[in-house]
Amino acid sequence: MKLRADFVQLYRDVHSWVGIIAGLFLFVAFYAGAVTMFEEPLQSWASAPVALPPPVSLERTPELLQKALAVHPEARTDYTIAVTPEDAQRGRLTWDGSGGQVHHAPTQVMAAGLDAEGNLVVVPRTPSDAARFVDVLHQQVGLPLPHTPAMILMGIVALLYAIALVSGVIAYLPALVKTLFAVRLGQSVRKRWLDLHNLLGLFSLPFHLVMAVSSVVFAFHGQIFAIEHLLFPAPVAGQHGGMQGGRHGGGPAGHGHGPAGGRDAQSAAVVTSAAGASAPVVPGLPPVLAPTDILALVTRQAPGFVPEVLNYMQLGHGKDVVRVFGYDARYPTRGPTGGFMVLNSRTGAVQSGEYMPGHQPAKFAILTSFFALHFGSFGGAPVRWGYVVLGLAGAFLFYTGNQLWIVSRRRRERQSGDVVETRGTRLLAALTTGCTTGCVAGISAVFCAVPVLPFGGTYGAVSAVYYSVFCLFVGAAFCLPGQRGIRLLLGAAGGVTVCVPLMLCLHGAHLLRTPEGLSVAGMAALLSAFLFAGAVKHTREI
């Protein structure tokens, strides 16, 4: 079916203007989102090391718990045991060192271990907020606002993003069939930007549709969950089943619906029977199951699930629980790196399996699919690497879209006889150059500053570094308009980015011995080369 010319023009106008409004926000979201695929290795590198003995075995963990909680009774209500700590820095036993107080000081975690003589060693550890800041930057599309209003604006941007995708497909797909692989690099600047934009947009269209829909779900999840609770009231037994927490957590607090029917209900009965009233307990503590017994119960219920973290919580009224965070490579997960199940810490009975991969009821599994498709938390390393490439390509897609609009607008202005470009064209050209290069340079500057910032960078410190560099680049784009400004800012962004692998070599040699660390360094080096090449190729005014 052939569309009327006026309809096609209407969709093209909608696509252009909606894309222009949302493009710069989406560039920040996609670029920062690609960086968050390396969040865990970057977090490990950025956090300052601590002098903690090697982790004790799981069998000796009750001894560690008894000694630590005797000295620090405040930790009884919420403490975490790492099942497979990579090194002493992570620690076997940790708990929040803030004492439950909300303040603006750096978040402190207490880590405990036993020395060679069995003496208790407790050291404070302040994790770096650099990686978390980039994640928040991605979630809030670069807006330095409180989380709630920023997420509402992000949802509006995501809706505009979806409109731009639909209108672009309707307006341009018929013509794309004829010129799909025709990237006219040697012709006019407008045709070059148009071909690159169309090629990137068409081949990554399914990815962008997934990002648009899932982002809307994230932005308005409160309203969505409120409607869901009205339609599917939560049983009393599951009120604590969906608590959020830990790096594997997913979903808002309190979003639980009780023990699942069928498979999960049967598993709960098996585990309860296996644990029994006479299960082993941690000496000197309330009657909770030891970590080894919790792991045995989890293995019996879910053989493919790999536990990584046990989070014990005293909720009172006989509802003490342990949340078992981990992953199962066979299933998509709710969180970026895994899911969790909730057990009664006294009996081992399953309280909730709604966030556990492969053990979710149908309606919860559908919602999990949105999270998994957004985070790339399925398919292992190949999928995560694919999301890195698609994220960077998506950022470049929005940059080319803005450049295409600028070039077309300048051509029309010249054809109409204007000697000087209009204020709107100058404004968008400066914002496009300044915001995109400022975002790239700002994130690179954050990780370059990590070794010299206290505690590897508190949230306030890394936020100040990013927005200072970002505003500097935006200001320079207005002060240095035209081709000369683009060359200088692309070169400056490349210069800051190339320092990231250098800082990793100087201050993160241990990270470079891992595949993830090498990947971070390699991606930063390739990106800096791309920026330098872009600066060299900008040899004439566009």
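Trainee: Explanation requested: the nonpolar core in the structure shown.
Mentor: Generally speaking, soluble globular proteins have nonpolar side chains that are buried together. Core analysis: the biggest nonpolar cluster contains 65 residues, and Tyr31, Ile443, Phe447 and Tyr466 have the highest contact counts within it. If we ignore the near neighbours within four places in the chain, the residues touching Phe447 are Val35, Leu42, Trp45, Ala130, Ala131 and Val134. Counting residues in hydrophobic clusters, the runner-up holds 31 residues, among them Val56, Tyr79, Val83 and Val350.

Trainee: Got a minute to help me understand the environment of Ala430 in this structure?
Mentor: Relative to the assigned elements, Ala430 resides in helix α13 (residues 423–449). If we skip the residues at most four places from it in the chain, Ala430 touches Ala477 and Phe478.

Trainee: Help me understand the environment of Val420, please; the structure alone is not making it clear to me.
Mentor: Looking at the element boundaries, Val420 is found in the loop between α12 (381–415) and α13. Between the alpha carbons of Val420 and Arg410 there is a distance of 9.4 Å; along the sequence they are 10 residues apart.

Trainee: What should I look at first to understand a nonpolar patch on the surface in this one?
Mentor: There is a patch of nonpolar side chains on the surface, built from Leu145, Ile152, Leu153 and Ile156 and spanning about 310 Å² of accessible area. Following the sequence through the fold, Ile152 ends up in helix α5 (residues 147–176). Ile152 sits in the partly exposed class, given a relative accessible area of 40%.

Trainee: Help me understand the sheet that holds strand β8 (residues 350–352) in this model?
Mentor: Taken in spatial order, the 8 strands line up as β4-β3-β2-β1-β5-β6-β7-β8 in an open sheet, and their pairing is antiparallel. If you trace the sheet from one side to the other, it starts and ends with β4 (120–125) and β8, each paired once. Across the sheet, the axes of successive neighbouring strands diverge by a mean angle of 30°, strand direction being ignored. Strand direction decides the pairing type here: strand β7 (residues 339–344) and β8, joined by 2 bridges, are antiparallel.

Trainee: Whenever I open this one, the pattern of salt bridges confuses me. Can you help?
Mentor: Here the idea is simple: oppositely charged side chains can pair when their charged atoms come close. Counted by the stated rule, this structure contains 5 salt bridges. Between Arg346 and Asp320 there is a salt bridge; the shortest N-O distance is 3.0 Å. Here Asp320 lies in the loop between β5 (306–313) and β6 (321–327) and Arg346 lies in the loop between β7 and β8, a separation of 26 residues in the sequence. Given the relative accessible area of 5%, Asp320 is considered buried. Connected through salt bridges with shared partners, the residues Arg60, Glu63 and Lys67 form a single ionic network.

Trainee: Any chance you could explain unusual backbone geometry here in plain terms?
Mentor: Comment: phi is negative for the bulk of residues other than glycine, and the bulk of peptide bonds are trans. Non-glycine residue Val141 carries a positive phi angle of around 45°. Here Val141 is to be found in the loop between α4 (130–139) and α5. On the accessibility criterion, Val141 (4% relative accessible area) is buried. Phi at Phe455 is positive, roughly 60°, even though this residue is not glycine. Inspection of the secondary structure puts Phe455 in the loop between α13 and α14 (459–479).

Trainee: Looking at this structure, how should I read the packing of α14 against helix α15 (residues 482–507)?
Mentor: Each pair of packed helices can be summarised by the angle the axes make with each other and by the distance between the axes. Between α14 and α15, the shortest axis-to-axis distance is 10 Å and the interhelical angle comes to 160°. As summarised for this structure, α14 and α15 are arranged roughly antiparallel, according to the angle between their axes. Note that α14 runs across α15; the crossing there is right-handed. Counted together, Phe473, Ala476 and Ala477 of α14 and Leu489, Ala492 and Ala493 of α15 form the full contact between these two elements. Split by residue class, the contact of α14 with α15 holds 6 nonpolar, no polar and no charged.

Trainee: Which parts of the structure should I look at to understand the packing of α12 against α13?
Mentor: Interhelical geometry of α12 versus α13 gives an angle of 155° and a closest axis separation of 10 Å. As summarised for this structure, α12 and α13 are arranged roughly antiparallel, according to the angle between their axes. By crossing handedness, the relation of α12 to α13 is classed as left-handed. Taking contact as the criterion, the partners of Tyr399, Asn402, Gln403, Trp405, Ile406, Arg409, Arg410 and Glu413 in α12 are, on α13, Thr425, Leu428, Ala429, Thr432 and Thr436. For the contact of α12 with α13, the residue count by class is 5 nonpolar, 5 polar and 3 charged.

Trainee: Whenever I open this one, helix α10 (residues 291–301) confuses me. Can you help?
Mentor: Count 3.6 residues to each turn of an α-helix, and residues three or four apart come out pointing the same way. For α10, the set of buried residues is Pro291, Ile294, Leu295, Leu297, Val298 and Gln301. The buried residues of α10 all sit within an arc of 160° when viewed along its axis, so they share a single face.

Reading guide: rules and limits
- Residues numbered from 1 in each chain as written.
- Predicted model: local features only at pLDDT ≥ 70, side-chain atom pairs only at ≥ 80, totals over all residues.
- Heavy atoms only, no water.
- Core = buried A, V, L, I, M, F, W, Y, C linked by side-chain atoms within 4.5 Å.
- Buried < 20%, exposed > 50% of the residue type's maximum accessible area, 1.4 Å probe, protein only.
- Contact = heavy atoms within 4.5 Å.
- Helix = DSSP H or I, 4+ residues; strand = E, 2+ residues; numbered from the N terminus.
- Patch = residues over 30% accessible without salt bridge, like charges linked within 9 Å, V, L, I, M, F, W, Y side chains within 5 Å.
- Areas by Shrake-Rupley, 256 points an atom, 1.4 Å probe, with all protein chains shown as cover.
- Salt bridge = Lys/Arg side-chain N within 4 Å of Asp/Glu carboxyl O.
- Pairing = 2+ DSSP bridges.
- Axes fitted to C-alpha atoms, helices over the stretch in contact; angles between N-to-C directions.
- Parallel < 35°, antiparallel > 145°, perpendicular 65-115°, else oblique.
- Left-handed = near helix turned anticlockwise from the far one by under 90°.
- Nonpolar A, V, L, I, M, F, W, Y, C, P; charged D, E, K, R; others polar.
- Arc of directions from axis to C-beta.

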